[in-house]
Amino acid sequence: MTRVLDGNAIGDRIREDLRGCVETLADADVRPGLATVLISEDPASATYVSMKQDACEDLGIESFHHELDTDAPAQRLYDRIDELNDDPSVHGILVQMPVPDHVDDRTVLERVAPEKDVDGFHPENVGRLVAGNARYKPATPHGIQKLLAAADVDTEGKDAVVVGRSDIVGKPMANLLIQKDEGGNATVTVCHSRTKDLSEKTRGADVLIAAAGVPEMIDGSMLSEGVAVVDVGVNRVDADTEKGYELVGDVEFESAREKASVITPVPGGVGPMTITMLLYNTVKAASRRSGVEVDLP
Ligand code: GUN
(Lines give C-alpha, C1' and ligand atoms only; values in the text may rest on other atoms or scores of the structure.)
Protein backbone atom coordinates (compact mmCIF):
# COMPACT_ATOMS: atom_id res chain seq x y z
CA MET A 1 0.00 0.00 0.00
CA THR A 2 1.34 3.40 -0.98
CA ARG A 3 0.90 6.12 1.59
CA VAL A 4 0.11 9.57 0.24
CA LEU A 5 1.53 12.05 2.72
CA ASP A 6 -0.71 14.88 3.85
CA GLY A 7 1.52 17.94 4.18
CA ASN A 8 -1.37 20.01 5.50
CA ALA A 9 -2.01 17.63 8.40
CA ILE A 10 1.68 17.15 9.25
CA GLY A 11 2.30 20.89 8.95
CA ASP A 12 -0.70 21.67 11.16
CA ARG A 13 0.66 19.51 13.95
CA ILE A 14 3.96 21.40 13.88
CA ARG A 15 2.09 24.72 13.74
CA GLU A 16 0.14 23.79 16.88
CA ASP A 17 3.45 23.25 18.70
CA LEU A 18 4.71 26.56 17.33
CA ARG A 19 1.59 28.23 18.67
CA GLY A 20 2.73 27.14 22.14
CA CYS A 21 6.12 28.74 21.46
CA VAL A 22 4.45 31.99 20.37
CA GLU A 23 2.47 31.96 23.64
CA THR A 24 5.65 31.45 25.66
CA LEU A 25 7.16 34.44 23.88
CA ALA A 26 3.99 36.48 24.43
CA ASP A 27 4.21 35.78 28.18
CA ALA A 28 7.56 37.55 28.02
CA ASP A 29 6.09 40.40 25.92
CA VAL A 30 7.82 39.25 22.76
CA ARG A 31 5.84 39.09 19.54
CA PRO A 32 7.67 37.51 16.61
CA GLY A 33 7.56 39.63 13.45
CA LEU A 34 8.17 38.61 9.86
CA ALA A 35 8.67 41.13 7.04
CA THR A 36 7.92 39.90 3.54
CA VAL A 37 9.16 41.86 0.54
CA LEU A 38 7.70 41.37 -2.91
CA ILE A 39 9.23 42.94 -6.02
CA SER A 40 7.56 40.96 -8.76
CA GLU A 41 4.43 40.87 -10.86
CA ASP A 42 4.41 37.09 -10.96
CA PRO A 43 0.98 36.00 -9.68
CA ALA A 44 2.40 32.80 -8.19
CA SER A 45 4.94 34.78 -6.13
CA ALA A 46 2.18 37.11 -4.91
CA THR A 47 0.10 34.10 -3.90
CA TYR A 48 2.99 32.50 -1.99
CA VAL A 49 3.69 35.72 -0.11
CA SER A 50 0.07 36.21 0.85
CA MET A 51 -0.11 32.60 2.08
CA LYS A 52 2.96 33.24 4.23
CA GLN A 53 1.38 36.39 5.69
CA ASP A 54 -1.89 34.60 6.46
CA ALA A 55 -0.04 31.75 8.15
CA CYS A 56 1.86 34.25 10.32
CA GLU A 57 -1.28 36.02 11.41
CA ASP A 58 -3.01 32.77 12.21
CA LEU A 59 -0.19 31.87 14.59
CA GLY A 60 0.11 35.29 16.26
CA ILE A 61 3.25 36.29 14.39
CA GLU A 62 3.16 39.91 13.26
CA SER A 63 3.44 40.26 9.53
CA PHE A 64 4.80 43.32 7.76
CA HIS A 65 4.38 43.39 4.02
CA HIS A 66 6.42 45.53 1.66
CA GLU A 67 5.65 45.67 -2.02
CA LEU A 68 7.86 47.43 -4.56
CA ASP A 69 7.07 48.09 -8.21
CA THR A 70 8.77 45.54 -10.41
CA ASP A 71 10.72 48.29 -12.15
CA ALA A 72 11.70 50.07 -8.92
CA PRO A 73 15.44 50.82 -8.78
CA ALA A 74 17.41 48.03 -7.11
CA GLN A 75 18.76 50.54 -4.59
CA ARG A 76 15.24 51.10 -3.31
CA LEU A 77 15.02 47.43 -2.43
CA TYR A 78 18.44 47.45 -0.77
CA ASP A 79 17.44 50.53 1.27
CA ARG A 80 14.23 48.82 2.32
CA ILE A 81 16.18 45.79 3.50
CA ASP A 82 18.47 48.09 5.50
CA GLU A 83 15.44 49.64 7.21
CA LEU A 84 14.05 46.22 8.07
CA ASN A 85 17.46 45.13 9.40
CA ASP A 86 17.30 48.10 11.78
CA ASP A 87 13.66 47.61 12.84
CA PRO A 88 13.48 45.88 16.24
CA SER A 89 9.91 44.65 15.68
CA VAL A 90 11.11 42.61 12.70
CA HIS A 91 12.76 39.31 13.63
CA GLY A 92 12.74 37.74 10.18
CA ILE A 93 13.03 39.14 6.65
CA LEU A 94 12.02 37.29 3.51
CA VAL A 95 12.53 38.73 0.04
CA GLN A 96 10.45 36.58 -2.28
CA MET A 97 12.56 35.05 -5.03
CA PRO A 98 13.02 35.39 -7.95
CA VAL A 99 13.65 39.13 -8.12
CA PRO A 100 13.59 40.99 -11.48
CA ASP A 101 16.67 40.82 -13.69
CA HIS A 102 17.82 44.37 -12.92
CA VAL A 103 18.17 43.42 -9.24
CA ASP A 104 21.24 41.42 -8.28
CA ASP A 105 19.96 38.48 -6.26
CA ARG A 106 23.31 37.89 -4.55
CA THR A 107 23.33 41.47 -3.30
CA VAL A 108 19.80 40.95 -1.94
CA LEU A 109 20.74 37.77 -0.08
CA GLU A 110 23.86 39.36 1.38
CA ARG A 111 22.02 42.51 2.41
CA VAL A 112 19.65 40.76 4.80
CA ALA A 113 21.20 40.61 8.29
CA PRO A 114 22.20 36.96 8.89
CA GLU A 115 20.32 36.91 12.22
CA LYS A 116 17.11 37.93 10.39
CA ASP A 117 17.67 35.69 7.38
CA VAL A 118 14.87 33.22 8.11
CA ASP A 119 15.23 31.82 4.58
CA GLY A 120 18.76 30.69 5.41
CA PHE A 121 20.03 32.04 2.09
CA HIS A 122 22.73 34.46 3.33
CA PRO A 123 26.23 33.07 2.57
CA GLU A 124 27.01 33.04 6.30
CA ASN A 125 23.97 30.86 6.95
CA VAL A 126 24.70 28.64 3.94
CA GLY A 127 28.21 28.15 5.31
CA ARG A 128 26.89 27.27 8.74
CA LEU A 129 24.48 24.74 7.24
CA VAL A 130 27.25 23.07 5.24
CA ALA A 131 29.45 23.00 8.34
CA GLY A 132 26.71 21.19 10.25
CA ASN A 133 25.93 24.13 12.50
CA ALA A 134 22.84 25.63 10.87
CA ARG A 135 21.28 28.79 12.28
CA TYR A 136 18.19 28.60 10.04
CA LYS A 137 17.63 25.58 7.84
CA PRO A 138 15.98 26.64 4.56
CA ALA A 139 12.27 26.06 4.85
CA THR A 140 11.60 23.67 1.98
CA PRO A 141 14.35 21.11 2.66
CA HIS A 142 13.76 21.37 6.40
CA GLY A 143 10.05 20.77 5.79
CA ILE A 144 10.92 17.71 3.71
CA GLN A 145 13.00 16.34 6.58
CA LYS A 146 10.01 16.80 8.89
CA LEU A 147 7.67 15.15 6.37
CA LEU A 148 9.93 12.13 6.01
CA ALA A 149 10.31 11.86 9.78
CA ALA A 150 6.53 12.02 10.26
CA ALA A 151 6.18 9.19 7.73
CA ASP A 152 8.86 7.14 9.55
CA VAL A 153 11.14 7.24 6.52
CA ASP A 154 14.62 6.89 7.98
CA THR A 155 17.29 8.36 5.69
CA GLU A 156 20.23 6.80 7.52
CA GLY A 157 22.32 4.66 5.17
CA LYS A 158 19.81 5.14 2.35
CA ASP A 159 20.54 6.19 -1.20
CA ALA A 160 18.94 9.60 -1.66
CA VAL A 161 18.70 11.15 -5.10
CA VAL A 162 18.01 14.88 -5.39
CA VAL A 163 16.91 16.00 -8.84
CA GLY A 164 17.61 19.73 -9.14
CA ARG A 165 20.47 21.88 -7.86
CA SER A 166 18.82 25.17 -6.97
CA ASP A 167 20.13 27.29 -4.11
CA ILE A 168 16.65 27.23 -2.54
CA VAL A 169 15.97 23.49 -2.57
CA GLY A 170 18.41 21.12 -4.31
CA LYS A 171 21.69 22.26 -2.77
CA PRO A 172 20.48 22.70 0.82
CA MET A 173 18.49 19.46 0.59
CA ALA A 174 21.61 17.54 -0.43
CA ASN A 175 23.54 19.20 2.36
CA LEU A 176 20.98 18.30 5.00
CA LEU A 177 20.79 14.71 3.79
CA ILE A 178 24.55 14.17 4.17
CA GLN A 179 24.79 15.71 7.64
CA LYS A 180 25.71 13.41 10.49
CA ASP A 181 22.42 14.27 12.12
CA GLU A 182 18.78 13.27 12.38
CA GLY A 183 17.20 13.28 8.92
CA GLY A 184 20.67 12.93 7.39
CA ASN A 185 23.28 10.18 7.14
CA ALA A 186 22.18 9.36 3.59
CA THR A 187 24.36 8.67 0.56
CA VAL A 188 23.41 11.52 -1.75
CA THR A 189 23.43 11.91 -5.52
CA VAL A 190 22.52 15.29 -6.99
CA CYS A 191 21.19 15.23 -10.56
CA HIS A 192 20.59 18.19 -12.87
CA SER A 193 20.14 19.21 -16.47
CA ARG A 194 23.57 17.89 -17.49
CA THR A 195 23.22 14.53 -15.77
CA LYS A 196 23.78 11.56 -18.10
CA ASP A 197 21.21 8.79 -17.86
CA LEU A 198 18.95 10.29 -15.23
CA SER A 199 16.82 7.13 -15.04
CA GLU A 200 19.81 5.06 -14.02
CA LYS A 201 20.35 7.41 -11.08
CA THR A 202 16.70 7.72 -10.06
CA ARG A 203 16.22 3.94 -10.15
CA GLY A 204 18.93 3.68 -7.53
CA ALA A 205 17.00 5.90 -5.13
CA ASP A 206 15.54 4.75 -1.82
CA VAL A 207 14.48 8.37 -1.32
CA LEU A 208 13.84 10.61 -4.30
CA ILE A 209 13.51 14.38 -4.02
CA ALA A 210 12.22 15.90 -7.27
CA ALA A 211 13.01 19.62 -7.36
CA ALA A 212 13.87 20.50 -10.95
CA GLY A 213 10.81 22.59 -11.83
CA VAL A 214 9.99 20.50 -14.90
CA PRO A 215 6.40 19.26 -15.10
CA GLU A 216 6.07 15.50 -14.56
CA MET A 217 9.64 14.73 -15.62
CA ILE A 218 9.89 11.72 -13.30
CA ASP A 219 7.54 8.84 -14.02
CA GLY A 220 7.06 5.41 -12.52
CA SER A 221 9.36 3.71 -15.05
CA MET A 222 12.25 5.74 -13.58
CA LEU A 223 11.68 4.48 -10.04
CA SER A 224 12.32 1.32 -8.07
CA GLU A 225 9.74 -0.47 -5.99
CA GLY A 226 9.40 0.89 -2.44
CA VAL A 227 10.97 4.31 -3.05
CA ALA A 228 9.91 7.30 -0.93
CA VAL A 229 9.04 10.11 -3.36
CA VAL A 230 8.99 13.78 -2.41
CA ASP A 231 7.71 16.10 -5.11
CA VAL A 232 8.76 19.72 -4.70
CA GLY A 233 7.59 20.88 -8.13
CA VAL A 234 4.72 23.33 -8.41
CA ASN A 235 4.23 23.82 -12.14
CA ARG A 236 1.33 25.62 -13.77
CA VAL A 237 0.34 23.86 -16.96
CA ASP A 238 -2.42 24.92 -19.34
CA ALA A 239 -5.65 23.08 -18.64
CA ASP A 240 -9.32 23.34 -19.36
CA THR A 241 -10.17 24.60 -15.86
CA GLU A 242 -11.77 27.79 -14.58
CA LYS A 243 -8.33 29.34 -14.03
CA GLY A 244 -7.01 28.06 -17.36
CA TYR A 245 -4.25 26.05 -15.69
CA GLU A 246 -3.67 23.26 -13.22
CA LEU A 247 -0.81 22.55 -10.84
CA VAL A 248 1.35 19.52 -11.43
CA GLY A 249 4.52 18.39 -9.76
CA ASP A 250 7.84 17.24 -11.18
CA VAL A 251 6.58 13.69 -10.71
CA GLU A 252 3.90 11.98 -12.75
CA PHE A 253 1.82 11.07 -9.73
CA GLU A 254 -0.24 8.11 -10.92
CA SER A 255 2.59 6.04 -12.37
CA ALA A 256 4.96 6.96 -9.52
CA ARG A 257 2.49 6.00 -6.83
CA GLU A 258 2.41 2.45 -8.21
CA LYS A 259 6.08 2.08 -7.32
CA ALA A 260 6.36 4.23 -4.21
CA SER A 261 5.96 3.24 -0.57
CA VAL A 262 5.23 6.88 0.28
CA ILE A 263 4.66 9.85 -2.01
CA THR A 264 3.75 13.51 -1.59
CA PRO A 265 0.94 15.02 -3.66
CA VAL A 266 0.93 18.38 -5.46
CA PRO A 267 -0.63 20.46 -4.10
CA GLY A 268 -0.89 19.52 -0.42
CA GLY A 269 2.50 17.88 0.11
CA VAL A 270 5.66 19.94 0.42
CA GLY A 271 4.04 23.40 0.00
CA PRO A 272 2.37 23.59 3.43
CA MET A 273 5.55 22.30 5.06
CA THR A 274 7.60 25.12 3.52
CA ILE A 275 5.32 27.70 5.08
CA THR A 276 5.34 25.87 8.41
CA MET A 277 9.12 25.84 8.58
CA LEU A 278 9.28 29.54 7.71
CA LEU A 279 7.10 30.14 10.77
CA TYR A 280 9.46 27.87 12.73
CA ASN A 281 12.46 29.97 11.72
CA THR A 282 10.66 33.21 12.58
CA VAL A 283 9.81 31.90 16.04
CA LYS A 284 13.42 30.75 16.40
CA ALA A 285 14.67 34.20 15.37
CA ALA A 286 12.47 35.88 17.99
CA SER A 287 13.58 33.43 20.66
CA ARG A 288 17.25 33.88 19.81
CA ARG A 289 17.09 37.67 19.87
CA SER A 290 14.98 37.97 23.01
CA GLY A 291 16.78 35.23 24.90
CA VAL A 292 13.38 33.71 25.78
CA GLU A 293 13.74 29.98 25.40
CA VAL A 294 11.08 28.02 23.56
CA ASP A 295 10.67 24.33 22.92
CA LEU A 296 10.79 24.15 19.12
CA PRO A 297 9.09 21.10 17.58
N1 GUN B 1 10.81 31.47 -3.87
C2 GUN B 1 10.51 30.16 -3.90
N3 GUN B 1 10.71 29.58 -2.70
C4 GUN B 1 11.16 30.55 -1.88
C5 GUN B 1 11.54 30.57 -0.51
O6 GUN B 1 11.53 29.56 0.21
N7 GUN B 1 11.94 31.79 -0.04
C8 GUN B 1 11.99 32.90 -0.80
N9 GUN B 1 12.42 34.03 -0.24
N10 GUN B 1 11.66 32.91 -2.08
C11 GUN B 1 11.23 31.73 -2.61
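Cut-offs used in this document
Residues numbered from 1 in each chain as written. Predicted model: local features only at pLDDT ≥ 70, side-chain atom pairs only at ≥ 80, totals over all residues. Heavy atoms only, no water. Helix = DSSP H or I, 4+ residues; strand = E, 2+ residues; numbered from the N terminus. Buried < 20%, exposed > 50% of the residue type's maximum accessible area, 1.4 Å probe, protein only. Contact = heavy atoms within 4.5 Å. Areas by Shrake-Rupley, 256 points an atom, 1.4 Å probe, with all protein chains shown as cover. Lys, Arg positive; Asp, Glu negative; His and termini not counted. Charge placed at Lys NZ, Arg CZ, Asp CG, Glu CD. Near = heavy atom within 4 Å. Polar contact = N/O pair within 3.5 Å; in protein donor to acceptor, adjacent residues only side chain to side chain. Expected span 1.5 Å × (residues − 1). Patch = residues over 30% accessible without salt bridge, like charges linked within 9 Å, V, L, I, M, F, W, Y side chains within 5 Å. Salt bridge = Lys/Arg side-chain N within 4 Å of Asp/Glu carboxyl O.

1. A closer look at the overall build of the chain
(1) Moving on: Summing up its helical and strand segments, the chain has 10 helices and 11 strands in all.
(2) Moving on: When its C-alpha atoms are laid out on the principal axes, the chain stretches across 50 × 40 × 40 Å.
(3) Moving on: Residues counted as buried form 49% of the 297 residues belonging to the chain.
(4) Moving on: In the chain, 70% of the contacts between residues at least 6 apart in sequence involve partners at least 24 apart.
(5) Moving on: Carbon and sulfur atoms make up 45% of the accessible area of the chain, which amounts to about 13,900 Å² in all.
(6) Moving on: The averaged location of the 53 negative side-chain charges in the chain is 5 Å from the averaged location of its 30 positive side-chain charges.

2. Quick look at the site of the ligand
(1) Moving on: Looking at the ligand, the residues that line it are Lys52, Leu94, Val95, Gln96, Met97, Asp119, Phe121 and Ile168.
(2) Moving on: Between the ligand and Met97, the relevant distance is 2.9 Å, taken from a nitrogen atom to a main-chain nitrogen or oxygen of the residue.
(3) Moving on: A distance of 2.7 Å separates a nitrogen atom of the ligand from a polar side-chain atom of Asp119.
(4) Moving on: Relative to its unbound accessible surface of 280 Å², the ligand loses 83% to contact with the protein.

3. Remarks on helix α10 (residues 270-290)
(1) Moving on: Here α10 contains 21 residues, and its C-alpha end-to-end distance of 30 Å stays within 8% of the 30 Å for a straight helix at 1.5 Å per residue.
(2) Moving on: Along α10, 16 of the 21 residues are buried, which leaves the element largely enclosed by surrounding structure.
(3) Moving on: Gly291 lies just past α10 and shows a positive phi near 80°.

4. Notes on the environment of Gly204
(1) Moving on: When you line up the elements, Gly204 lands in the loop between α8 (198-202) and β7 (207-210).
(2) Moving on: Take Gly204: its relative accessible area is 38%, and that puts it in the partly exposed class.
(3) Moving on: Sequence separation between Gly204 and Gly220 is 16 residues; the distance between their C-alpha atoms is 13 Å.

5. Considering a negative patch on the surface
(1) Moving on: A surface patch of negative charge is lined by Glu216, Glu246, Glu252, Glu254 and Glu258.
(2) Moving on: Structurally, Glu258 can be placed in the loop between α9 (253-257) and β11 (262-263).

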